[in-house]
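The lines below spell out each chain.
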Amino acid sequence: MNTTTKLIGAVAVMAVLTTPASSATKGVPDWPMWGGSPDRNMVSDATGMPTTWDVKTGENIKWVAELGSQSYGNPVVAGGVVLIGTNNEAVRDPKQAGDRGVLMAFRESNGEFLWQATFEKLTSGRANDWPFQGIASSPLVIGEVAYFVSNRGKVHAVDIRGFHDGQNDGPKTDEALTGTHDPDYIWEFDMMEEVGAFPHNLANSSPVVLDNLIYVSTGNGQDESHVNIPSPKAPAIIALDRVTGELVWEDASPGDRILHGQWSTPTVGTIGGVLQVIHGQGDGWIRGYEARTGEKLWEFDTNPKDSVWPKTRNEIIATPVVVGDVVYIANGQDPEHGEGVGHLYAIDATKRGDITESGRLWHYNKIRRSISTAAVKDGIIYYPDFSGFLHALDAKSGEVLWVHDMFAAMWSSAFVVDDKVYLGDEDGDITIFQHGREKKVLGEINMGSSVYSTAVTANGAMFFMTRNNLFAIQQGAKLAR
Amino acid sequence: MLLAAPMLLAQQWPESRGPKRDGTSDARNLPSSWSPSGENLAWTLPMGGRSAPVVHGGRLYLQTTTDGDVSETQERLVAVDVDSGRVLWERRVSQYLSDVPQHRAAWASPAVDRETGNIIMFTISAELIAFRPDGTELWKRSLPEEYGAITTHGGRTTSPIVEGNLVILNTLLQGWGDLGRPGNRYFAFDKRTGQTVWISAPQPRHYDTNYSSPIVATIDGIQQLIVGGTDGAFHGLQLLTGKPVWRLEVSKRAILNSPVIAGTMLYIAHGEENLGTTEMGMVGTVDLAGKTGEIPVSAMAWKTLGFLPTFASPVLHGEHVIAMDNGAIVGAFDRATGAQVWTRTLGTLQKGSPVVADGKLFVGTENGKFFILRPSATGVEVLDEDTLREGEPEVILATPVVADGRIYLTSMERLYAIGPKAGTARTGDPIPMPPPPPQPSAAAPAHVQVFPYEALLDPGQRQAFTARLFDAQGNYIREAAAADVQWSVDQLAGTIDATGQYTAPAQGSAGYVKATIGGVTGQARVRVIPALPWSMDFTDMTAAPMWWTSNLKAQFREIDGNPAMVRPRDDTVGRRTKFLMGRPDWSDYTVEVDVRGITMRRQRGDVGLINQRYVLMLFGNNQKIELQPWQAANEMTVSVDKFEWPDNTWYRMKLRVENRADGTTLVQGKIWPSADPEPAAWTIEKIDRIPHRAGAPGIYGDGISDVMFDNFKVYRNQ
C-alpha cells in the first residue's frame, strides 16, 4: 500500500468513525482513538470482559508490556497494533536516552514491542514541556496512519507499521533513524513555529477526525509566570488536512483570557444535523464549531460568573462527550492544584451564540473538580471527580442516582462495557460496578501502581494501563509470572 | 537543670522539623481526642496558611499572609501568646519581583534562634529578615537583588534553620560572577548581622525548586548539614564551611522533603523517578559511616520502591520508618529490612509531614482531615479523626506542631491549639543556653574562609576582611593573623592592604578578594556599584558588567548602526530575565531606557524597567502597559489595556518612584515613541499603600523574540 492509499483509502472506516452510535461495533474490533469514536463516549459495545484478574498470578492476563515511569496517553488499538504514549524511563534504545516523550507500538496479539518514536524535551523547560510526563496524547488511527501530538508541540502523522512494512512513507522521507524499531513519519506540523502556540506544561491533545480533517488543541497557555499569555494570537484549536498536514482553519477565541493551560481535547458529533467540533478551552468556556469551516456556532461558560480563579473558577481538562444533541462536560483543574468545587453540565448544542443560559439542560454542582470524561449509556451518565467520587446521574434530568467514594484521586474515566462499569484510581485500584440506577460494587482489583488511564476494548480483550505497565486482559488467558 | 532539659525541649518547636529536626517531640500526655467545636481545644485563631508555626519561649510564630483584599496581600509574621492565644504583634512584609502568587505566599516556616529568641523569616520573594522577640527588625537581606534569586510560580521556599551562629537555607538563583550559572545554592549567614558566611554549590544540576530543610549531624567527626538537593540527591555539607562531604543521588527530580538521622543511619524518602527503573518513589536508608564523595544507590542498606512520599518527610517510631504517600496513605517500614509492615489510607492528597510524640502519630491530610493515630508493631489504630468543616473542608498543607503539651494544627484558614488551656502543661518560658563553641581544632588548615563572603560597596568605600581557618573536616582552627595572610584582588578594581582592608575604586567593579595562607586560598565576592547618575548608550560594550545579575544573558550589537543591548530570542528556561544592577537600599530615583522588538512566529517579547522593586512592563504581544508591584499578584497591577508598540520601532520608557511622607509610595511610568518629544503627562501611575520603600534598578527582557535596549539612565529624582 502506498502512502496515498494509506492516507485516504480508509473511507469505509470513516463511516464507522462518524456514526458510532448506530454501528454497535465500537470497541469490538478496534479502538482507534481516545474514547473509541469521535463522540468520545466512554462506552464499548464489546461483551464478555472479565470481572476478575490478578496481575500477580497472571489470571486472565494475556500479556503485559513495560512502559516508562509515567504514562498518561491512553492506549489505542487498530490494525493489530497497540499505540501508547509514555516517557523514556524504560529506555529501549540507549542511543535515545534521557528524559523524552515516547510513543510506543506493540503487537496487539502478544505485546511484542514493534517500534517507538521518541522526542527530546524542549529546551524551554517545564513551562512548555514538564519533566517525565512523556507523550500524553492518545493517537488517532485511520487505516494505517496514526496521528498524535508530541511533547514538542508538534502534530505527527506516522505509519502504524513503522518500517516493519519495508517502506518509508512520505512526504517526509528524510528520517535520521530508519531501523526496525524507529518511526516512519509521514508528515509533521509544528504548532509552536507555525501558529505560535505556547503550550503550557505539555501539549497533550488527542486528535479527532472528520473525513479529511483532523482537529487538535494547541495547548496554548500561560508562561511560567502564570500571569501572562505570551502568545494570545495563537489558536486554541486547529484543523489540519490529514493527507497533507496543512492548516485548514484555526480559532483563537480564548485570546489572552486563558486561565492556565489548555488540555481538553476536541470531540466531533452531528448535532441538530450539523457536523460540529466541540472543544473545552482554557478560559473555562466550551465552544462548538462548524466542523468543515471552523465557523463558531456556540459557546458556553462552565463557570459561575462570580467564581474566582483559582479557588472557585475552573479550567476544562475533561473531554466533551456528545450523545444525540447533548454535550456533557465537567470542569476542573490541574491535579497539582488539589481539590475544589466542580461543575457538570448537559448542554443543548443545537442552540447558537452565547448559550450559557439557553443551552443549559441541567447543571450538577455536587461534583468536585474533575478531569475525567463522561460515559453515557441507557440514560445514565457516569462521571468521576478528582476528589475520588464516582457520580451516577440520570442523563436526562441530571438527578443523582448514586455516588461512590473511591478514597483516592481519579484522573481516569469510568468505562462502560456490557453491563459493567470499570474505574481506576490513583491508588491503583480498579473498581467494577454493575451498570445501573442503583449502586452495586462487584469487585476491586489492585493493579500495583496508579491507574491514570481509562480502559479500552478491542478484539475480545480489555487494555488497562498503569503508570508503568500496559496490561492486556482477556477472559481465560493466563500469563506465566 | 539536666532533668528539666527534656521537658523544656518538649515545650518548643523552634524550626519546621521540630526541636530535634526529626518530626518528633518528647512531649507527654498529649490529647487523644479533640473536636474543632471545643473538646480539648485551648484556643483557635482565624488565621492559617501553608506553613506550620514555630513555638518557642511561650510564643507561637506563624508566617502567613494578610487577610482580606488580595490587592494588598503581604506576608506577615504573627507572634501569639500561647497561654491566651492573643496576638502580641505582627510584622507585614511586601513581596516583590516574584512569580509566586498570593495564594502560595508564606510557604516557609520561620525559625527561632534558641540562643537569642530572634526569629528568622524567609519570604517567597527570597528576602531573609531577622526580627528580635519584640518584633523589631534586626537585619534583612534581599537575595533577588544581591544574588539574582529566582522565585517561581510553584512557590516552594525552604524553611531556614539556625545552627550555632549560622542561618542556613537554599535558593535557586542566577547571579553574577561564579554564581552566573543558574542553579540551586546553599547559603550560611551570620545570625547576628546577616552577613554572608559561605555559599556552596555542591549540585551538578538543578531539576526543580525544593524546600528540603536541612538537618545537622556529626558523622565520622564531621559536623555536617544533611539536605535534599534540587538535583535528586541528598547531600552532606560541612556545617561551618559548606564544603561537600558526600552525595547520594537517588532520583531524577528534586528532593522536596527532609531526611531523618539516627546515629549514622540516614532515612530518606522521595516520590518521584528513581534511577534505572520505571518504578517511582522510595523509602530507604544508608549508613553514612565511612562514606564520602559519591555514594552509589547500591551502597544503601535497603530501599523499598513504589511508595510515593514526595512532600511529607519520614519520621521514626520504634522499629519503623513512617512515611506518607502523596495519596495520603500512611505506611510503616521495618527499619532493619525496609519491609512494608502496614499501611492505611487516610485521604486522597498529602502535603504535610506526620509527627510522632507521646506514642501517637499526628497527621493532617490535604482533604481537611486531622488524625490522631496510635501506631504499633502490626498496624495503626485511629484514636481520633476530625474533619475541619463539613462540606468544603479547610485544606491542610502544614505539618502539625507539638509543644506546650499541645498540638498546634494549621489549616489554610485557621490555627487550632489542641490540648489543655493555659498553665496546665507549661512550666515557664525557658530559653536554653547556647551550645558550647566547638573546641578549636589543632589540625592543619585546609580551608580559608574569607569573611564577609560577599560585600556590596559604594565607590571609595572600605571593607575589612578576615581569614578564618578550618581543618579538612571543617572544624574551626582560628582566625589567621594579618601578618600570615597574603591578600589580593581578582577581576576586581580597587586595592587591598596587608591587613585585609579593601578600598573600592571610584567606578563600578565586581570580582573577588583572595586570602592565601600556607598555600591555601579562599575568596570573597565584592560588588562596587557606581554612584548615580548612570548613563549608558552601550557604545563599545561587548559584555554586560559583572556587577549585573544575569549578566551573561545580554548581548551587545549594532541596531540600525547604533550600538544597543539585545536580549535575543531564547528558547531556554531563562527566557524571562531580570538584570538587577544596584543596591537594594536605594530609593527615590528615576530609570529610563529605549526599547524595541520584532515579531517572530507570531510572538513579540516583553520589556520592562525595574525601579525600587516596581516593574513597568511593555507587552509586545498584548500591546499593553502594566505597572507591577508584585508581578504574580495581578490584583496589585495597574494597566493601560491598549498601547500600540509597533515592530522595529524604538519607544522610550521612564519609571519614577518617590517615597512620600505619608508612608505611601508614588510610582509613575511613561512610554512614548523615542522619535517624539517626551510628553508632559505620565502614562500610568500607582500610589502604593503597601509600598516598597527601597530597591535596586534594573531591566527586564522576555526573549520569546529579540528585544533591544538603548540609552539606559538612572538618576536621583529631580
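Definitions and limits used
Residues numbered from 1 in each chain as written. Chains lettered and ligands numbered in written order. Predicted model: local features only at pLDDT ≥ 70, side-chain atom pairs only at ≥ 80, totals over all residues. Heavy atoms only, no water. Helix = DSSP H or I, 4+ residues; strand = E, 2+ residues; numbered from the N terminus. Rg over C-alpha atoms; globule rule 2.2 N^0.38 Å. Buried < 20%, exposed > 50% of the residue type's maximum accessible area, 1.4 Å probe, protein only. Contact = heavy atoms within 4.5 Å. Lys, Arg positive; Asp, Glu negative; His and termini not counted. Charge placed at Lys NZ, Arg CZ, Asp CG, Glu CD. Phe/Tyr/Trp six-rings, centres within 6.5 Å; stacked < 30°, edge-to-face > 60°. Lys NZ or Arg CZ within 6 Å of the ring centre and 35° of its normal. Core = buried A, V, L, I, M, F, W, Y, C linked by side-chain atoms within 4.5 Å. Buried area = accessible area lost by both parts, 1.4 Å probe. Salt bridge = Lys/Arg side-chain N within 4 Å of Asp/Glu carboxyl O. Polar contact = N/O pair within 3.5 Å; in protein donor to acceptor, adjacent residues only side chain to side chain. Nonpolar A, V, L, I, M, F, W, Y, C, P; charged D, E, K, R; others polar. Pairing = 2+ DSSP bridges. Axes fitted to C-alpha atoms, helices over the stretch in contact; angles between N-to-C directions. 1 Å grid on protein atoms, 1.4 Å probe; cavity = no way out; pocket = protein on both sides within 12 Å on 5 of 7 lines; lining within 4 Å. Points joined across faces, edges and corners; volume = space filled by probe spheres on them. pLDDT = per-residue confidence, 0-100.

Caption draft 1: Quick look at the overall build of chain A. Along its length, chain A carries four helices and 34 strands. Its C-alpha atoms give chain A a radius of gyration of 20 Å, near enough to 23 Å, the size a compact globule of 481 residues would have. Reported as C-alpha extents along the three principal axes, the dimensions of chain A are approximately 55 × 50 × 45 Å. Split into buried and exposed, the 481 residues of chain A put 69% on the buried side. A fraction of 56% describes how many contacts in chain A between residues 6 or more apart in sequence connect residues 24 or more apart. Here chain A carries 39 positive and 60 negative side-chain charges, and the mean point of each set is 3 Å from the other.

Caption draft 2: Just the overall build of chain B, in detail. Looking only at helices and strands, chain B features two helices and 58 strands. For a compact globule of 718 residues, the expected C-alpha radius of gyration is about 27 Å, and chain B comes in at 26 Å, within 12% of that figure. Sequence separation of 24 or more characterises 60% of the internal contacts of chain B that already satisfy a separation of 6 or more. One finds the centroid of the 69 positive side-chain charges in chain B at a distance of 1 Å from the centroid of its 78 negative side-chain charges.

Caption draft 3: Main features of the environment of B:A632. Inspection of the secondary structure puts B:A632 in the loop between β52 (624-628) and β53 (638-640). Sequence spacing of B:A632 and B:W246 is 386 residues, and the spatial spacing of their C-alpha atoms is 38 Å.

Caption draft 4: Molecular detail of the packing of aromatic side chains. Scanning the model with the defined rule gives 36 aromatic pairs over all chains in all. A ring pair is formed by B:W34 and B:Y416, whose centres lie 5.5 Å apart and whose planes are at 65 degrees; its orientation type is edge-to-face. Of this pair, B:W34 sits in the loop between β1 (24-25) and β2 (41-45) while B:Y416 sits in strand β34 (residues 415-418), and the two are 382 residues apart along the sequence. For the pair formed by B:W34 and B:Y416, the shared burial category is buried. Joined through ring pairs, the aromatic side chains of A:W63, A:F106, A:F113 and A:F463 make up one cluster. Stacked on the ring of A:F113, the Lys or Arg A:R92 has its end atom at 4.4 Å from the ring centre. Lying across the ring of A:W130, A:R126 places its NZ or CZ 5.0 Å from the centre.

Caption draft 5: Representation of the nonpolar core. Ranked by size, the top nonpolar core spans 44 residues in total, and within it B:W534 and B:F712 carry the most contacts. A:W63, A:Y422, A:A455 and A:A461 belong to the second-largest nonpolar core, a separate cluster that totals 37 residues.

Caption draft 6: Quick peek at the interface of chain B and chain A. At the junction of the two partners, chain B supplies 40 residues and chain A supplies 52 residues. Roughly 3,600 Å² of surface becomes buried between chain B and chain A when both sides are summed, with 43% attributable to carbon and sulfur atoms. Remark: the boundary between chain B and chain A carries ten salt bridges. Residues B:R575 and A:E224 are paired through a salt bridge, measuring 3.4 Å at the closest nitrogen-oxygen approach. Scanning the region where chain B abuts chain A turns up 25 residue pairs in polar contact (both at pLDDT 80 or more). Grouping the constituent residues of the side of chain B that touches chain A by class yields nine nonpolar, 14 polar and 17 charged.

Caption draft 7: Local environment of the pairing of strand β51 (residues 614-619) of chain B. All names here are of chain B. With six of six residues buried, β51 is to be regarded as a mostly interior element. Hairpin geometry of strand β50 (residues 607-611) and β51 is characterised by an intervening segment of two residues between the two adjacent antiparallel strands and by a positive phi of about 55 degrees at Q612. With five bridges joining them, β51 and β52 adopt antiparallel strand pairing. Of the residues in β52, the one forming a bridge with M617 is E626. Remark: four residues form the turn of the hairpin made by β51 and β52, two consecutive strands paired antiparallel; Q623 in that turn has positive phi of roughly 50 degrees.

Caption draft 8: Region of interest: the sheet that holds strand β13 (residues 237-241) of chain A. Residue and element names in this part refer to chain A. Pairing is antiparallel in the open sheet, where four strands are placed in the order β11-β12-β13-β14. Whereas interior strands pair on both sides, the edge strands pair on one side only; in this sheet they are β11 (208-210) and β14 (247-251). This sheet shows a mean twist of 20 degrees between the axes of neighbouring strands, independent of strand direction. Bridge count between strand β12 (residues 213-217) and β13: five bridges; the pairing is antiparallel. Opposite L213, over in β13, you have D241 as the bridge partner.

Caption draft 9: A look at the pattern of salt bridges. Residues and elements named next belong to chain B. Scanning the model with the defined rule gives 73 salt bridges over all chains in all. K369 is paired through a salt bridge with E385; the nearest N and O atoms lie 3.7 Å apart. Of this pair, K369 sits in strand β30 (residues 369-375) while E385 is found in strand β31 (residues 380-387), placing the two residues 16 residues apart along the sequence. Taking relative accessible area as the criterion, K369 reaches 24% and is therefore assigned partly exposed.

Caption draft 10: Seen up close, empty space enclosed by the protein. Residue and element names in this part refer to chain B. Per the counting criterion, the structure on display carries five cavities of 30 Å³ or more. Together, 20 residues line the largest cavity, and I150, R156, T157, T171 and L172 are the ones closest to its centre. It is strand β12 (residues 166-173) that contributes the most residues to the lining of the largest cavity, three residues altogether. For the lining of the largest cavity, the class distribution of residues is six nonpolar, 13 polar and one charged. Approximately 50 Å³ is the volume attributed to the second largest cavity.

Caption draft 11: Local environment of unusual backbone geometry. The step from A:G170 to A:P171 runs through a cis peptide bond, and the omega angle for that step is 20 degrees. With respect to the helices and strands, A:P171 occurs in the loop between β9 (154-159) and β10 (185-190). For B:N40, which is not glycine, the phi torsion reads 55 degrees and is therefore positive. Its place among the elements puts B:N40 in the loop between β1 and β2.

Caption draft 12: Inspection of the confidence of the model for chain A at higher detail. In the predicted model, chain A carries a mean pLDDT of 94, and 95% of its residues have values of at least 70. Long-range and interchain partners of residues 9-22 of chain A, a stretch whose pLDDT sits below 50, account for 17 contacts in this model, where long-range means more than four residues apart.

Caption draft 13: Focus on the pairing of β34(B). Residue and element names in this part refer to chain B. Side chains L415 and A417 project from β34 onto one buried face, and the interleaved Y416 and I418 project onto a second face that is buried too. Both β2 and β34 contribute to a ladder of four bridges, which runs antiparallel. Looking across to β34, one finds that W43 is bridged to A417. Note: strand β33 (residues 406-410) against β34, four bridges, orientation antiparallel. Its bridge partner lying in β34, T410 is registered against L415. In this structure, the hairpin formed by β33 and β34 is closed by a connection of four residues.

Caption draft 14: Quick peek at the confidence of the model for chain B. Mean pLDDT for chain B: 95, with 96% of residues reaching 70 or above. Taken over the whole predicted complex, pTM reads 0.93, whereas the ipTM for its chain interfaces reads 0.89.

Caption draft 15: Fine view of the sheet that holds strand β28 (residues 355-357) of chain B. The mixed open sheet is built from five strands, whose spatial order is β1-β28-β29-β30-β31 (chain B). Bordering the open sheet on either side are β1 and β31 of chain B, each of which pairs with just one other strand.

Caption draft 16: Inspection of the side chain of B:R50 at higher detail. All names here are of chain B. As for its position among the elements, R50 is in the loop between β2 and β3 (54-56). Nearest to the buried, unbridged R50 among oppositely charged side chains is E366, at 7.4 Å. Engagement of the side chain of R50 in a polar contact is seen with the backbone oxygen of H103, the distance being 3.2 Å. Dropping the residues within four chain positions of it, R50 is found in contact with H103, R104, A105, A106, W107, L397, A398 and M412.

Caption draft 17: Up close: the environment of B:Q507. Residue and element names in this part refer to chain B. Mapped onto the elements, Q507 comes out in the loop between β42 (501-503) and β43 (509-517). Taking the C-alpha atoms as reference, Q507 lies 33 Å from D676; in sequence the two are 169 residues apart. Every residue in contact with Q507, bar those within four places of it in the chain, is listed here: P459, A493 and V528.

Caption draft 18: Fine view of the side chain of B:E626. Residue and element names in this part refer to chain B. Structurally, E626 can be placed in strand β52. Taking the relative accessible area as the measure of exposure, E626 reaches 10% and is therefore buried. Within the structure, E626 has its side chain in polar contact with the side chain of Q628 (distance 2.9 Å). Not counting residues within four places of it along the chain, the set of residues in contact with E626 comprises V615, L616, M617, F619, T637, V638, S639 and I684.

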